[in-house]
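Observations on the three-dimensional arrangement
This is what each chain is made of:
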Amino acid sequence: MNNKGEILKDRLDSLSALDAGIVYSRETSWDKLADKMEQKKKHVIWPYYTGMAAALLIVIVFLKINLQQQKNQIPVVQTQSGTKQPTNPASAIIETFQNQANEAREVNDAHIKTASSNTKKSVSSPKAALNGSDVNSNIGFEEPIINCALPIKENFPPAPEEPKFSMRLKHIDHLNDTPISSQWQTPKAGNVRYNSNWVVHTNVLKEQEENEAFKPRKENNSFFNFVSAHNKHAAQQEEESNTNNNLSFQILQIK
Amino acid sequence: MNELSAITLAKKNDRKGQQWVFYTHGEQMLVIALRYVRDVQVAEEMMQNGFLKFFQQIERFEYSGTGSLVAWLKKIVINECLMHLRKKTIFIVENGIDSVDEVEENNIFARIDARDIMNMIVALPDGYRTVFNLYAVEGFGHKEISEMLGISEGTSKSQLSKAKNMLREKIKKEHLYE
């Protein structure tokens, strides 16, 4: 600093605000400065809290991704038989997502069946049959599927239900069975079995021992009507043969 | 309360300490700001911004005796003014540098009233006033001024020369010095 500068500087610095022609109130000026400092503090606090919130959010997201990655890494390692490990976390994440996508694609391919225009859906319904060959019978109506190439995800017809009979089987007495003494006694159904091959024992039905309570249900059912008729017929034949045997026995005794 | 205790309190973000510093040196800093910025309100704003920065960075300030606080504050306020001027002042390069005898000039300023000098300086154009203040009052060299204002040394010399010529004519015109 030169000599001239110092002289001028000293003279100018010695000036007061009033000398410079300024009306200056230090109290008012201080209030303005205090306001500015308060505003600065608020501006400083806001980024602080927002920064903290952002950091917390980042930590939460990172932990979530890390947990997800750990969950997904276990099957990946097993499928790779432990020989190859992912080199970095990013590749591990990508590999995991790719495996999941492939699995999902395989499952979808297994379920999706594209319906062509020729495909027809047949619906089976239960039907009582006497012979085994007649068990798998169709009602006979065919419903064409929409003529479009769109994939139909659920193209499985409902599984054919087994024939359901809501009635009790007719009671057939065996020779050693105890007779039904009251109407509340449940008849035994073990001697009638329905299968692909129907077997009906040829014991004689005793009409007087039938439970009267089941009659209305039986009469309305074609299957029972059939069994009843069949048993009646068998009983008649046996009765005839017995009478024949008795006659022949009497003839032999006479002889 | 003395200067050291006020600074100690201000370092603890105590309002009383800060107020004491402001009340003691605010007016002087306003006059310094007014030398660079013509408008009183802008000068006051520059002064307040200077104090604001000082209180924010007060941890970096080390008290080393009387005058150190004023020097520190002055530096900050002048920087604020220069930043403000740099945004709007265009320093025009003018040819021709008049050589003025510095001894003669020194004698002239010594005999003129400080208030008149202040008024003459404030009346100068922004570019002339800034360079004159930095060179003739603050004592910076042209190289430093060129770096501070982002201009060439030649521009700084030219601005200073024109400022001195203008002041000389004004002094002669108003018969401040004969």
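These figures come from a predicted structure and were not determined experimentally.

Within chain A, the regular secondary structure consists of 5 helices and 6 strands. What you see in chain A, going N to C, is helices and strands ordered as α-α-α-β-β-β-β-β-β-α-α. Split into buried and exposed, the 255 residues of chain A put 19% on the buried side. Here the analysis covers contacts within chain A between residues at least 6 apart in sequence; of these, 62% occur between residues at least 24 apart. In the form shown here, chain A has an accessible surface area of approximately 19500 Å², with 56% of it arising from carbon and sulfur atoms.

All names here are of chain B. As for its placement among the helices and strands, histidine 142 is situated in helix 8 (residues 142–149). Relative accessible area serves as the criterion here: at 13%, histidine 142 is assigned to the buried category. Of the polar contacts made by the side chain of histidine 142, one reaches the side chain of serine 156; its length is 2.9 Å. Not counting residues up to four positions away in its chain, the partners in contact with histidine 142 are Tyr135, Glu153, Ser156, Lys157 and Leu160.

In this section: unusual backbone geometry. One non-glycine residue, asparagine 13 of chain B, lies in the positive phi region at around 60°. The exposure class of asparagine 13 of chain B is partly exposed, given its relative accessible area of 43%.

A word on the interface of chain A and chain B. Counting residues at the interface gives 31 residues for chain A and 45 residues for chain B. Of the roughly 3400 Å² buried at the junction of chain A and chain B (both faces included), carbon and sulfur atoms supply 60%. Across the pair arginine 15 of chain B and glutamate 38 of chain A runs a salt bridge whose closest N-O atoms are separated by 3.4 Å. The set of elements that each furnish at least two residues to the side of chain A that touches chain B consists of helix 1 (3–13) and helix 2 (26–79) of chain A.

A separate point is the nonpolar core. Tyr36, Phe51, Phe54, Phe55 and Phe132 of chain B are the most contacted members of the largest nonpolar core, which has 67 residues in total. Setting aside residues up to four positions removed in sequence, phenylalanine 54 of chain B forms contacts with Val21, Phe61, Leu69, Trp72, Leu73 and Ile76 of chain B.

Take the confidence of the model for chain A next. For any part of a model where pLDDT is low, the fine detail of the predicted coordinates should not be relied upon. All names here are of chain A. Mean pLDDT for chain A: 65, with 38% of residues reaching 70 or above. Ranking the elements of chain A by mean pLDDT puts strand 5 (residues 192–193) last with 44 and helix 2 first with 81. In the predicted structure, residues 189–205 sits below a pLDDT of 50 and forms 36 contacts with residues beyond four places in sequence or in another chain.

All right, on to the packing of aromatic side chains then. Here the structure, examined in full by the defined rule, presents 6 aromatic pairs over all chains. When the ring of phenylalanine 51 of chain B is compared with that of phenylalanine 55 of chain B, the centres are 6.1 Å apart and the planes differ by 40°; the resulting orientation is tilted. Of this pair, phenylalanine 51 of chain B and phenylalanine 55 of chain B are both found in helix 3 (residues 40–56), 4 residues apart, which corresponds to roughly one turn of the helix. With respect to class, phenylalanine 51 of chain B is no different from phenylalanine 55 of chain B; both count as buried. Grouping aromatic residues by their ring pairs yields a cluster made of Trp30 of chain A together with Phe22, Phe51, Phe54, Phe55, Phe61 and Trp72 of chain B.

What follows is about the pattern of salt bridges. All names here are of chain B. On inspection of all chains with the given rule, the structure shows 7 salt bridges over all chains. Here arginine 35 and glutamate 138 are joined by a salt bridge, their closest N and O atoms 2.8 Å apart. With arginine 35 in helix 2 (residues 15–36) and glutamate 138 in the loop between helix 7 (126–137) and helix 8, the pair connects residues that are 103 residues apart, well separated along the chain. With respect to burial, arginine 35 and glutamate 138 carry one shared label: buried. Connected via shared salt-bridge partners are Arg35, Lys74 and Glu138.

Once that is clear, we can look at the layout of surface pockets. As a volume, the largest pocket reaches approximately 250 Å³. Lining the largest pocket are 14 residues, with Lys41 of chain A together with Asn13, Gln18, Phe55 and Gln56 of chain B sitting closest to its centre. Listed by contribution, the elements that provide at least two residues to the lining of the largest pocket are helix 2 of chain A together with helix 1 (3–11), helix 2 and helix 3 of chain B. Broken down by element, the residue count for the lining of the largest pocket peaks at 4 residues, all from helix 2 of chain A. Partitioned by chemical class, the residues of the lining of the largest pocket number 6 nonpolar, 3 polar and 5 charged.

All names here are of chain B. An ideal rise of 1.5 Å per residue puts 16 Å on 12 residues; helix 7 measures up with 15 Å between its terminal C-alpha atoms. Taken together, the buried positions of helix 7 are Gly127, Tyr128, Arg129, Thr130, Val131, Phe132, Asn133, Leu134, Tyr135, Ala136 and Val137. After helix 7 finishes, the residue glycine 139 shows a positive phi value of roughly 90°.

Next up on the list: the packing of helix 4 (residues 68–88) of chain B against helix 7 of chain B. Residues and elements named next belong to chain B. At a minimum axis distance of 11 Å, the contact between helix 4 and helix 7 shows a crossing angle of 150°. Relative to helix 7, the element helix 4 lies roughly antiparallel. Two packed elements cross with a definite hand, and for helix 4 against helix 7 that hand is left-handed. Between helix 4 and helix 7, the contacting residues are Ile78, Leu82, Leu85 and Lys88 on the first element and Asp126, Arg129, Thr130 and Leu134 on the second. The residue makeup of the contact of helix 4 with helix 7, split by class, is 4 nonpolar, 1 polar and 3 charged.

Right, let's talk about helix 1 of chain B for a bit. Residues and elements named next belong to chain B. The set of residues buried in helix 1 consists of Glu3, Ala6, Ile7 and Ala10. Mapping the buried residues of helix 1 onto a view down its axis gives an arc of 100°, with all of them on the same face. Buried residues belonging to helix 1 abut helix 2, helix 3 and helix 4. Asparagine 13 sits one or two residues past helix 1 and shows a positive phi near 60°.

Calculation criteria
Residues numbered from 1 in each chain as written. Chains lettered and ligands numbered in written order. Predicted model: local features only at pLDDT ≥ 70, side-chain atom pairs only at ≥ 80, totals over all residues. Heavy atoms only, no water. Helix = DSSP H or I, 4+ residues; strand = E, 2+ residues; numbered from the N terminus. Buried < 20%, exposed > 50% of the residue type's maximum accessible area, 1.4 Å probe, protein only. Contact = heavy atoms within 4.5 Å. Areas by Shrake-Rupley, 256 points an atom, 1.4 Å probe, with all protein chains shown as cover. Polar contact = N/O pair within 3.5 Å; in protein donor to acceptor, adjacent residues only side chain to side chain. Buried area = accessible area lost by both parts, 1.4 Å probe. Salt bridge = Lys/Arg side-chain N within 4 Å of Asp/Glu carboxyl O. Core = buried A, V, L, I, M, F, W, Y, C linked by side-chain atoms within 4.5 Å. pLDDT = per-residue confidence, 0-100. Phe/Tyr/Trp six-rings, centres within 6.5 Å; stacked < 30°, edge-to-face > 60°. 1 Å grid on protein atoms, 1.4 Å probe; cavity = no way out; pocket = protein on both sides within 12 Å on 5 of 7 lines; lining within 4 Å. Points joined across faces, edges and corners; volume = space filled by probe spheres on them. Nonpolar A, V, L, I, M, F, W, Y, C, P; charged D, E, K, R; others polar. Expected span 1.5 Å × (residues − 1). Axes fitted to C-alpha atoms, helices over the stretch in contact; angles between N-to-C directions. Parallel < 35°, antiparallel > 145°, perpendicular 65-115°, else oblique. Left-handed = near helix turned anticlockwise from the far one by under 90°. Arc of directions from axis to C-beta.

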